[in-house]
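Observations on the three-dimensional arrangement
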Amino acid sequence: WAKDWLASSKKSYIGGSWQSCSRVISESINPTDCKKIGEFYNASLEDLDLSVEAAKNSFQSPVWRKMPRRMRADLLKEIAGIIRQNRSELATLEAL
């Protein structure tokens, strides 16, 4: 499954949408056989600034700031649960 997933170019999730970022694409190469296993976009400093600004705006939005602490904690716990459920897949992708 990992090779299938890696077969397409990946984008960065910034401000609620998938973006191609800098247009500079790097390849991930398998060191055992020197074959390409995937591609990814390199983020530029401008892309990083956009990402940080989007995260800051989300954090400061009234939707999040006015949300009761318990509800925010529940949402973060739900995210943690999803990460735990997919930890094997995430570890595989991280290793590639």
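Residues numbered from 1 in each chain as written. Predicted model: local features only at pLDDT ≥ 70, side-chain atom pairs only at ≥ 80, totals over all residues. Heavy atoms only, no water.

Quick look at the confidence of the model for the protein chain
The pLDDT averaged across the protein chain works out to 88; a share of 99% of its residues lies at or above 70. The lowest-confidence element of the protein chain is helix 1 (residues 2–6), averaging 75 in pLDDT; the highest-confidence one is helix 4 (residues 69–85), averaging 96. (pLDDT = per-residue confidence, 0-100. Helix = DSSP H or I, 4+ residues; strand = E, 2+ residues; numbered from the N terminus.)

Notes on the pattern of salt bridges
In total, this model carries two salt bridges according to the counting rule given. With its nearest N and O atoms 2.8 Å apart, the salt bridge here joins K36 to E39. A salt bridge links K56 to E53; the nearest nitrogen and oxygen atoms lie 4.0 Å apart. One end of the pair is K56 and the other is E53, both in helix 2 (residues 45–60) and three residues apart, which spans about a single turn. (Salt bridge = Lys/Arg side-chain N within 4 Å of Asp/Glu carboxyl O.)

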